[in-house]
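Geometric and topological summary
Next come the chains, spelled out residue by residue.
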Amino acid sequence: MKIALVGYGKMGHMLEQSALAFGHSVVSTIDVFVPDAKVKISAGDSKALADAVVSSGADGIIEFTHPSSVLENIKALLPLKIPMVVGTTGWNDKKEEVASLAAKCGGTIMTSANFSIGVNILYKIVEDAARLANKFSEYDAAIWEMHHNQKADSPSGTALEIANHLLSEFKRKNSIVTNEFKEKPLPNQLHVSSTRCGTVPGTHKVFFDCEADTIEIAHTARSRKGFANGAVHALENLSSMLKEGKLKSGALYGMNDIFPELF
Ligand SMILES: NC(=O)c1ccc[n+]([C@@H]2O[C@H](COP(=O)([O-])OP(=O)(O)OC[C@H]3O[C@@H](n4cnc5c(N)ncnc54)[C@H](O)[C@@H]3O)[C@@H](O)[C@H]2O)c1
């Protein structure tokens, strides 16, 4: 494929390596800041962004920028109707808006808060563990995540996704609390806490705790490679599934649509 990378930061550079390793070409790297990007645009300049992608001749787009930019970028790029994978996190509450925009303009977008196959396996393990712990009323549950100190959003989109998988099976809890507690937590509250430190690419832990013991389920990313490989594979699958008519254009898709073997 001919891939345009929107956002050429830590993930953008890793995505370029993955794309090349899988036999694709990277026809443009577009950023608002980094000196080695092929195209430099001003933040919020939707026309410059769309022009840069169109003139690159890309047949696929991967967007990893910043939570404050992602929505504007999606709005600028969706009407181009080039299959687009978005890895930027922090816009969960805008998914419905994006899905209806996609339906209106006919553009196709796929997103995941975490493209690592291991994390998507973790979601399943957490659901199974929550279903079992749910049967034993003594168990409490909590989630903790740690990322590098440059991450803009907290908690991570992945921690929230893990929380939703846990809540789907752990019936004693139905409310996520991400801020500090001023008083002791209520039994229905699931605490999702975050630490920001150094260069950690992403660690997530799920705890089931009672007086007798603690069950810990952990996922530790060793580098950003797993995310980048997953995002490139997602774009490959999205593009081929559209061509084969397995997916319709004009929609917002997730991992379950693109990697059915995981679900
Ligand atoms: N979904 C996943 O699997 C996954 C994995 C890792 C990171 N992320 C997310 O991806 C995003 C980027 O992560 P990163 O580590 O590469 O961050 P980064 O800060 O290293 O890079 C982001 C780049 O985007 C650029 N940028 C900002 N606004 C832009 C705009 N409007 N147009 C073009 N470029 C713009 C910045 O200048 C920067 O170079 C974050 O939201 C992060 O949480 C997601």
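Within each chain, residue numbers correspond to sequence positions counted from 1 in written order. For this predicted model, a pLDDT threshold of at least 70 governs which residues receive local features, and a threshold of 80 or more governs which side-chain atom pairs are given and counted, while totals over whole chains, interfaces and linings are taken from all residues. Derived side-chain values reflect all non-hydrogen atoms in the structure, with water molecules and hydrogen atoms excluded from consideration.

What follows concerns the nonpolar core. Of all hydrophobic cores here, the largest spans 29 residues; its most connected members are Leu15, Ile62, Val85, Met110, Phe115, Leu238 and Ile258. Going through the elements one at a time, strand 1 (2-6), helix 1 (10-21), helix 7 (225-243) and helix 8 (255-258) are the ones with two or more residues in this core. Examining the composition of this core, we find that nine residues originate from one element, helix 7, more than from any other. Contacts were defined at the residue level, with two residues in contact if any of their heavy atoms lie within 4.5 Å. Leaving out residues up to four positions away in the same chain, Val85 has contacts with Ile61, Ile62, Glu63, Met110, Phe115, Ala231, Ala234, Leu235 and Leu238. Within this scheme, the nonpolar core is defined by two criteria: the residues are buried Ala, Val, Leu, Ile, Met, Phe, Trp, Tyr or Cys, and they are joined through side-chain atoms within 4.5 Å. Per-residue accessibility, obtained with a 1.4 Å probe over protein chains only, is compared with the maximum for each type, and a residue is labelled buried under 20%, exposed over 50%, and partly exposed between these values. Working definition: helices are DSSP H or I runs of at least four residues, strands are E runs of at least two. Numbering for both runs from the N terminus.

Definition used for salt bridges: Asp or Glu carboxyl oxygen within 4 Å of a side-chain nitrogen of Lys or Arg. Evaluated as defined, the whole model comprises ten salt bridges. Across the pair Glu180 and Lys182 runs a salt bridge whose closest N-O atoms are separated by 3.4 Å. On the accessibility criterion, Glu180 (59% relative accessible area) is exposed.

Burial along strand 4 (residues 60-63) is two-sided: the face carrying Gly60 and Ile62 and the face carrying Ile61 and Glu63 are both buried. At least two bridges found by DSSP between two strands are what make those strands a pair. Strand direction decides the pairing type here: strand 1 and strand 4, joined by four bridges, are parallel. Bridging across to strand 4, Leu5 finds its partner in Ile62. Pairing between strand 4 and strand 5 (residues 84-86): three bridges, direction parallel. The partner of Ile62 across the bridge, within strand 5, is Val85. Clockwise travel from the first strand over the helix to the second, with the strands pointing away from the viewer, marks a crossover as right-handed. Following the backbone out of strand 4, through helix 3 (residues 70-77) and into the adjacent parallel strand 5, one traces a crossover that is right-handed.

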